[in-house]
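Descriptive structure summary
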2 protein chains.
Amino acid sequence: MATPPGPDPEDLTARARIRDAALRHFGEDGFEKATIRGIARTAGVSPGLVRHHFGSKQALREACDEHLMKMIRRLNDQVRADTTLSDVSYVGAARAAMAPYQLYLARSLADGSAASIFDEMTRICEEWIAGADPGRPDPPDVPAKIRAAVFTAMALGVPVLAPHISRAMGVDMFSPEGDLLLSRALVDLYSHPLMTPEDAARARAGLDRLAGARPPGRRTEENSP
Amino acid sequence: MATPPGPDPEDLTARARIRDAALRHFGEDGFEKATIRGIARTAGVSPGLVRHHFGSKQALREACDEHLMKMIRRLNDQVRADTTLSDVSYVGAARAAMAPYQLYLARSLADGSAASIFDEMTRICEEWIAGADPGRPDPPDVPAKIRAAVFTAMALGVPVLAPHISRAMGVDMFSPEGDLLLSRALVDLYSHPLMTPEDAARARAGLDRLAGARPPGRRTEENSP
DNA sequence: CAGCAAACTATACGCGCGTATAGCGGTCGT
DNA sequence: ACGACCGCTATACGCGCGTATAGTTTGCTG
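By convention here, each chain's residues receive numbers from 1 onward along its written sequence. Chains carry letters and ligands carry numbers; both start at the beginning, A for chains and 1 for ligands, and go up in the order they are written. With pLDDT at 70 or above as the cut-off, local features in this predicted model cover only qualifying residues; side-chain atom pairs require 80 or more to be listed or tallied, and sums for whole chains, interfaces and linings still use all residues.

Structural notes on the overall build of chain A
Counting from the N terminus, the helices are the DSSP runs of H or I reaching at least four residues and the strands are the DSSP runs of E reaching at least two. Of the regular secondary structure elements, chain A holds 10 helices and zero strands. When the helices and strands of chain A are placed in sequence order, the string is α-α-α-α-α-α-α-α-α-α. Residues are treated as contacting if the C-beta atoms built from their backbones sit within 7 Å of each other. The long-range share in chain A, meaning contacts at least 24 apart out of those at least 6 apart in sequence, stands at 54%.

With respect to the relation of the copies chain A and chain B
Copy-to-copy superposition: least squares on the C-alpha atoms, limited to residues that have pLDDT of at least 70 in both copies. With an RMSD of 0.1 Å, the operation that places chain A on chain B is a rotation of 180° combined with a shift of 0.0 Å along the axis. Both chain copies can therefore be described as sitting about a two-fold axis. Counting the interface residues of chain A, we find that 100% of their copies in chain B are interface residues as well, pointing to one common contact surface.

Digging into the interface of chain A and chain B
Across the contact, 76 residues belong to chain A and 76 residues belong to chain B. Every element with two or more residues in the side of chain A that touches chain B is listed here: α5 (87–110), α6 (115–132), α7 (144–160), α8 (162–169), α9 (176–191) and α10 (197–213) of chain A. Any residue that is not Ala, Val, Leu, Ile, Met, Phe, Trp, Tyr, Cys, Pro, Asp, Glu, Lys or Arg is counted as polar, Gly included; the first ten are nonpolar and the last four charged. Of the residues belonging to the side of chain A that touches chain B, the class tally is 45 nonpolar, 12 polar and 19 charged.

So, the protein's contact with DNA strand C
Think of it this way: take the backbone, place a C-beta atom on it, and check whether that atom is within 6 Å of the molecule or strand, in which case the residue is near it. If you check the shell around DNA strand C, you find 14 residues, and the closest are A14(A), V45(A), S46(A), G48(A) and I36(B). Only α3 (47–54) of chain A together with α2 (36–43) and α3 (47–54) of chain B provide two or more residues apiece to the surface near DNA strand C. Looking at the surface near DNA strand C residue by residue, the class counts come to five nonpolar, six polar and three charged.

Considering the nonpolar core
Note on terminology: a nonpolar core is a set of buried residues of type Ala, Val, Leu, Ile, Met, Phe, Trp, Tyr or Cys, with members joined through C-beta atoms within 7 Å. The exposure label follows from counting other C-beta atoms within 10 Å of a residue's C-beta, where the C-beta atoms are placed from the backbone and the thresholds are 20 or more for buried and 12 or fewer for exposed, leaving partly exposed in between. Counting residues in each nonpolar core, the largest one holds 99 residues, and the members touching the most others are V150(A), I165(A), V150(B) and I165(B). When near neighbours in sequence (up to four residues on either side) are disregarded, V150(B) contacts V158(A), I165(A), L182(A), A185(A), L186(A) and L189(A).

Here's the deal with the UniProt feature "DNA-binding region" (unreviewed entry) in chain A
UniProt positions are given in the numbering used here, feature names are shortened, and annotations may be inferred rather than shown by experiment. Here the UniProt feature "DNA-binding region" (unreviewed entry) sits at residues 35–54 of chain A. Helix makes up 80% of residues 35–54 of chain A and strand 0%. Its end C-alpha atoms lie 14 Å apart.

Section: the packing of α7(A) against helix α8 (residues 162–169) of chain B
Between α7(A) and α8(B), whose axes approach to 9 Å, the crossing angle comes to 170°. Considering their axes alone, α7(A) and α8(B) lie roughly antiparallel with respect to each other. Between α7(A) and α8(B), the contacting residues are K145(A), I146(A), A149(A), V150(A) and A153(A) on the first element and H164(B), I165(B), A168(B) and M169(B) on the second. Residue classes in the contact of α7(A) with α8(B) are distributed as seven nonpolar, one polar and one charged. Fitting a line to C-alpha atoms yields each axis, with helices limited to the stretch in contact; the angle taken between N-to-C directions then spans 0 to 180 degrees. Each angle gets one of four labels, with under 35 degrees taken as roughly parallel, over 145 as roughly antiparallel, 65 to 115 as roughly perpendicular, and the rest as oblique.

Brief notes about the protein's contact with DNA strand D
In the vicinity of DNA strand D there are 14 residues, among which A14(B), V45(B), S46(B), G48(B) and L49(B) approach most closely. Of all the secondary structure elements, the ones that give two or more residues to the surface near DNA strand D are α2 (36–43) and α3 of chain A together with α3 of chain B. Per-class residue counts for the surface near DNA strand D are five nonpolar, six polar and three charged.

Side note on the packing of α6(A) against α7(A)
Residues and elements named next belong to chain A. At a minimum axis distance of 8 Å, the contact between α6 and α7 shows a crossing angle of 120°. One way to sum up the angle between α6 and α7 is to call them oblique. Between α6 and α7 lies a crossing whose hand is right-handed. On α7, the residues touching F118, M121, T122, C125, E126, I129 and A130 of α6 are A144, K145, R147, A148, A149, F151 and T152. Left-handed describes a crossing whose near helix is turned anticlockwise from the far helix through less than a right angle; right-handed describes the clockwise counterpart.

A word on α8(B)
Residues and elements named next belong to chain B. What α8 keeps buried is the set A162, H164, I165, A168 and M169. Each buried residue of α8 lies within a common arc of 165° when the element is viewed along its axis, so the set occupies one face. Looking one or two residues past α8, G170 carries a phi angle of roughly 90°, positive in sign. By construction, the arc corresponds to the directions joining the helix axis to the C-beta atoms.

Examining the environment of D188(B)
Here D188(B) shows up in helix α9 (residues 176–191). In this structure D188(B) comes out as buried when scored by C-beta crowding, with 22 C-beta atoms within 10 Å. A sequence separation of 144 residues divides D188(B) from G44(B), and the C-alpha atoms of the two residues are 45 Å apart. Among residues more than four places away in sequence, those in contact with D188(B) are P140(A), D141(A), V142(A) and R147(A).

What follows is the structure, given as structure tokens:
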């Protein structure tokens, strides 16, 4: 295997440039709005070459997904490798490395594709949660996988809605200042439970009551003025 | 004002049917992929009438945004009105009432439009947070508005990524069982801080160190292997 | 040097979209 | 009773897209 057509050792080839351009265009304009012609122009090639290498627009998207997931896996393994770093710096470094792809990831997740990426992140998160579960006082009444999925969705909500957060903060979320501000906000939110244990108990009781009484049918008040 | 062209008392007119159909199509297919012809067919009218009433596809989208925001405001006022309900049932009822619009809201937020809706929800959330702030032991070091924006993004991450959560749970998030499961997971996550106070203190110290030392420049290891 | 395969370009086609405009029927004010 | 108006439809235009295919360059092998 001297120069195999393998996917990894390609970083300056036209194929890789097309893929990177596609990641940018898909991320900035969305899959539908992005055009093969525009991607080709950014990559400095002819539109026909895009089809020659990837076959179709959809296949190009799937190649982007695959590439991104490979990068996420590598990032996670890398973080797992040296746990000597403090939590914060690793989170910051990971966010910095992901920055160019977050727009694409956001779009891709939002329109329902990139399922495997979400599942992979959920799996990673589940390991993380399962590792922390033994340390908590009360046993969880929801499987770790489901909690992992919900939390993954919440965590991904931040990059997905990055423009809105940046607008609220007044600085770009990906700038150093914005990143710092966001990190502080996240630490604050993560370290303060939004519900007291009593609230939670009451809520759980309410849920049990709803579940026992009747399945929560929707109210008919949606047509009242 | 017998039959004014006002926006409110219209619920069975063709205009309202077009708007509802647009909400569905935009939500299910995305703004770009959705077509005026398809919306018109769903609404049972001719494509020309869509333009006659709304002028353009973009204007139709803005009308959808406006309508949705009005509904959100009404829902919030309604919830604020009777605080006798337990937290959970109001959350469930609100989610049920929002169900048909969550897909649209998700798409709309994800592609950067619907800024005013996000800001409105942030404002509501900020009031909620500001009301709860006096009760916490340590003073927050991040403005309430920013915490509200970040939390709003996280909360909206759930409906935005609903398909993925549903896939992980095994049941549709909007079904009664899925809603119950999701609510339990949310209660569990909300009632258990993800970071201990020590973790948070250490993280804040790390952030202060990073902020004081140098702005966090990105590593050069993204091209290493 | 010949030849061939792979990378790449040029050009064209067809389709479906948003948009524009002309025309038709019922309803209401006068 | 009648005409102006509004809701609504039918039809058409032009554009830009994804896709297809034929042609051109490049680089490697025998």
